[in-house]
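Residues per chain, in single letters:
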Amino acid sequence: MDEIKVMLTEKEIPTHWYNVQADMPNLPKPPLNPATGQPVTPDDLKPIFPLGLIMQEASRERWIEIPDEVREIYRLWRPTPLFRARRLEKTLDTPARIFYKYEGVSPAGSHKLNTAVAQAYYNKKEGIKRLTTETGAGQWGTALAQACNFFGLECVVYMVKVSYHQKPYRRSVMEIFGATVYASPSENTEAGRKILAQMPDTPGSLGIAISEAIEDAAGREDTNYSLGSVLNHVCLHQTVIGLEAKEQMARAGCYPDVVIGCVGGGSNFSGLAFPFAYDKLTRGAHTRLVAVEPTACPTLTRGLHTYDFGDVAGFTPLLYMHTLGSKFIPPGIHAGGLRYHGDAPLLCQLVADGIVEAQALNQTEVFQGAVLFARSEGIVPAPESAHAVQWAIREALQAKEAGEARNILFNLSGHGLLDLAAYDNYLSGKLVDYPLPEEELRKALEMLPKV
Ligand SMILES: *Cc1c(COP(=O)(O)O)cnc(C)c1O
């Protein structure tokens, strides 16, 4: 093909999400209620989630219809473009074809709005007035603030303290859309006050912010909690990315040999990769699916695959996933937003079963790739997305070495125009690698809950 972009029309927005639970050889072990040690029931989850999402969490139906009200809002930015990175190919002088699906065109600047809109919809439909959530780098808070705004819901965001101070513009965006934003840990919740008493100078973490958001939601009838990644229904909603990309790749006359995404909690990777995993699981396709994480938070590559809490205080069900330990507080020094201690149980199971391959990159190499990509393609990637960019570059260089016309597809999950401080640090030589020390990993894993 000669095109640089493959576009679909609004009519071609997928009508159904793809549920990989229908086709997995092994499902992850079920989430457990920490109080009883028994699998969680819908009743356990009702205080903080709407039934529509609880049902999706456990569903094994392969195709789940996207409500018209959600598709209607998807039309604001979907379908997103698929690009062929011809200028990057030229820069690398590679025989590989490099494609990327660009989710940064959403009003939130990332893929996160795909699930935020769906979650706001199901909550609204069940009479909820107010949603709480956590945000790390700020993209999820932004997406949920926008989605709540579309559906007339109140939105309360607990933002990891280090990001609250480093990224004031993210807070501004959330406030434009009417959200209330607190630096976490905050004085607002029991969990926040307890941590502040123990560690007044903590930079905060996603695990802490989740505890605060859940406590807030659990204490009020009119309020539910919303999570931007990790859970099955979140990965489900993100499959619009991969479903569109498959159609676009077909129109480009190509099928990917390798599909790449960065991993924080696993949702953008899953969104792109699960529809291709479908081909692997049901038709024996040989595509490699590569999940890329930072060496500073190496959940899939060095964590344990076991039961752990999703938050610090232990409010969430125990999830069966790769984890660095829910007490793990990632270094504030690291630039990317990929700092969660766990990962999506569905993704972890696919890694354990050898269907998805996990890799980790150091952040200086990642930013080097990001700048090369920006200079070739004109888009500044989000630091998270840059992990996928750099892995695609590595694949393209390997293909060159091997003289192989490899088809590479990666997810450019968001743009980095609100992450410029991290780029400043890189460009002025201040960014350093921070592979997680073995000793710290051991300490965090020692505090895992006993199941
Ligand atoms: C939040 C975010 C991620 C990481 O979260 P996942 O659930 O792993 O997708 C990656 N890229 C961008 C742009 C993000 O905003």
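Look above for the structure.
Quick caveat, the model's predicted, so the values are computed rather than measured.

K.L.:
How should the overall build of the chain be read in this particular structure?
P.N.:
Summing up its helical and strand segments, the chain has 19 helices and 15 strands in all. Its C-alpha atoms give the chain a radius of gyration of 20 Å, near enough to 22 Å, the size a compact globule of 451 residues would have. For the C-alpha atoms alone, the extent of the chain along its principal axes is close to 60 × 50 × 45 Å. In the chain, which comprises 451 residues, the share counted as buried stands at 62%. Of the contacts made within the chain by residues no fewer than 6 positions apart, 77% connect residues no fewer than 24 positions apart. Total accessible area on the chain is roughly 16,900 Å²; 52% of this is exposed by carbon and sulfur atoms.

K.L.:
Would you explain the site of the ligand in this entry?
P.N.:
As a structural note, the neighbourhood of the ligand is formed by 18 residues, with K112, S229, G264, S267 and N268 the closest of them. Within the side chain of K112, a nitrogen or oxygen atom sits 2.6 Å from an oxygen atom of the ligand. Contact between the ligand and S229: an oxygen atom at 2.5 Å from a side-chain N or O atom of the residue. In isolation the ligand has 380 Å² of accessible area, and contact with the protein removes 96% of it. Elements represented by at least two residues in the shell around the ligand include exactly α13 (267-283) and α17 (383-402). Residue classes in the shell around the ligand are distributed as 4 nonpolar, 12 polar and 2 charged.

K.L.:
Any chance you could explain unusual backbone geometry here in plain terms?
P.N.:
Along the chain, R78 connects to P79 via a cis peptide bond; the corresponding omega equals -10 degrees. Within the secondary structure, P79 sits in the loop between α3 (68-74) and β4 (82-84). The omega torsion of the bond from S184 to P185 falls at 5 degrees, within 30 degrees of zero and hence cis. Its place among the elements puts P185 in the loop between β8 (180-184) and α9 (190-198). If you check the backbone angles, D93 has positive phi at about 50 degrees while not being a glycine. With respect to the helices, strands and loops of the structure, D93 is situated in the loop between α4 (86-92) and β5 (97-102). The class of D93 is exposed, set by a relative accessible area of 55%. Of note in this structure, V230 is not a glycine but carries a positive phi near 70 degrees. Locating V230 in the fold gives a position in the loop between β9 (223-225) and α11 (232-237).

K.L.:
Can you walk me through the nonpolar core in this structure?
P.N.:
Burial of nonpolar side chains together is a common tendency in soluble globular proteins. Counting residues in hydrophobic clusters, the biggest one holds 56 residues, and the most contacted among them are Y225, F269, L289, L347, V356 and L409. Listed by contribution, the elements that provide at least two residues to this core are β7 (154-160), α10 (206-218), α11, α12 (239-251), α13, β11 (288-294), β13 (318-323) and α15 (345-352). Among the elements that take part in this core, α13 stands out by supplying 7 residues, more than any other. Once residues within four sequence positions are removed from consideration, L409 is found in contact with L82, F99, Y100, K101, A245, M249, P256, V258, V259, I260, L272 and F276. Residues W17, I73, A116 and A120 belong to the second largest nonpolar core, which totals 37 residues.

K.L.:
Explanation requested: the sheet that holds β8 in the structure shown.
P.N.:
Strands pair in a sheet through their backbones, by hydrogen bonds, and they do so in one of two ways: parallel or antiparallel. What the 4 strands build is an open sheet, ordered β8-β7-β6-β9; its pairing is parallel. With one partner strand each, in any of the chains shown, β8 and β9 form the two edges of the open sheet. Neighbour-to-neighbour, the strand axes of this sheet turn through a mean angle of 25 degrees, independent of strand direction. Direction of pairing for strand β6 (residues 130-135) relative to β7: parallel, over a ladder of 6 bridges. Among the inter-strand pairings, R130 is bridged to a residue of β7, identified as E154. Against the sheet, α10 makes contact with β6, β7, β8 and β9, and its axis sits at roughly 170 degrees relative to β6, the strand it touches most.

K.L.:
What exactly am I supposed to notice about the pattern of salt bridges here?
P.N.:
Opposite charge on two side chains allows them to pair when their charged atoms are near. Overall, the coordinates contain 26 salt bridges when judged by the stated rule. Put simply, D23 and R62 hold a salt bridge, and the shortest N to O gap is 2.6 Å. Taken together, the positions of D23 in the loop between β2 (16-18) and α1 (42-45) and R62 in the loop between α2 (51-58) and β3 (63-65) put the pair 39 residues apart, joining distant regions of the chain. Taking the relative accessible area as the measure of exposure, D23 reaches 12% and is therefore buried. Given a relative accessible area of 33%, R62 falls into the partly exposed group. Within the structure, one salt-bridge network assembled from shared partners comprises R288, E357, E395, E404 and R406.

K.L.:
Looking at this model, I keep getting lost on the state of the cysteines. Mind explaining?
P.N.:
The term disulfide refers to a covalent linkage connecting the sulfur atoms of a pair of cysteines. Counted by the stated rule, this structure contains 0 disulfides. Summary of cysteine pairing: C155 is not part of a disulfide, and the nearest cysteine sulfur, belonging to C148, is at 4.1 Å. The closest cysteine sulfur to the non-disulfide-bonded C297 is located on C348, 12 Å from its own sulfur. According to the relative accessible area criterion, C297 is buried, its value standing at 3%.

K.L.:
How do you make sense of helix α5 (residues 113-125) when you look at a structure like this?
P.N.:
Along an α-helix, a turn takes 3.6 residues, which lines up residues three or four apart on a common side. Compared with an ideal rise of 1.5 Å per residue, which puts 13 residues at 18 Å, α5 spans 18 Å between its outermost C-alpha atoms and is within 8% of the ideal. Taking burial as the measure, the 13 residues of α5 include 11 buried ones, the bulk of the element. Among all positions of α5, only L113, N114, T115, A116, V117, A118, Q119, A120, Y121, Y122 and N123 are buried.

K.L.:
What's the story with the sheet that holds β11 in this structure? I'm lost.
P.N.:
Strand order across the open sheet formed by 7 strands is β1-β4-β5-β15-β10-β11-β14, with mixed pairing between neighbours. Every interior strand has two partners, whereas the edge strands, β1 (5-6) and β14 (357-361), have only one. Those strands touched by α13 are β10 (258-262), β11 and β15 (407-412), and its axis lies near 155 degrees from that of β10.

K.L.:
How should the packing of α13 against α15 be read in this particular structure?
P.N.:
How two helices sit against one another is set out by the angle between their axes and by the gap between those axes. α15 packs onto α13 with a crossing angle of 55 degrees between their chain directions and a minimal axis gap of 10 Å. Classified by the interaxial angle, the pair formed by α13 and α15 is oblique. In this structure, α13 crosses over α15, and the sense of that crossing is left-handed. Between α13 and α15, the residues in contact are F269, S270 and F274 and L346, L347 and L350, respectively. A breakdown of the residues in the contact of α13 with α15 according to their chemical character gives 5 nonpolar, 1 polar and no charged.

The rules behind each value
- Residues numbered from 1 in each chain as written.
- Predicted model: local features only at pLDDT ≥ 70, side-chain atom pairs only at ≥ 80, totals over all residues.
- Heavy atoms only, no water.
- Helix = DSSP H or I, 4+ residues; strand = E, 2+ residues; numbered from the N terminus.
- Rg over C-alpha atoms; globule rule 2.2 N^0.38 Å.
- Buried < 20%, exposed > 50% of the residue type's maximum accessible area, 1.4 Å probe, protein only.
- Contact = heavy atoms within 4.5 Å.
- Areas by Shrake-Rupley, 256 points an atom, 1.4 Å probe, with all protein chains shown as cover.
- Near = heavy atom within 4 Å.
- Polar contact = N/O pair within 3.5 Å; in protein donor to acceptor, adjacent residues only side chain to side chain.
- Nonpolar A, V, L, I, M, F, W, Y, C, P; charged D, E, K, R; others polar.
- Core = buried A, V, L, I, M, F, W, Y, C linked by side-chain atoms within 4.5 Å.
- Pairing = 2+ DSSP bridges.
- Axes fitted to C-alpha atoms, helices over the stretch in contact; angles between N-to-C directions.
- Salt bridge = Lys/Arg side-chain N within 4 Å of Asp/Glu carboxyl O.
- Disulfide = S-S within 2.5 Å.
- Expected span 1.5 Å × (residues − 1).
- Parallel < 35°, antiparallel > 145°, perpendicular 65-115°, else oblique.
- Left-handed = near helix turned anticlockwise from the far one by under 90°.

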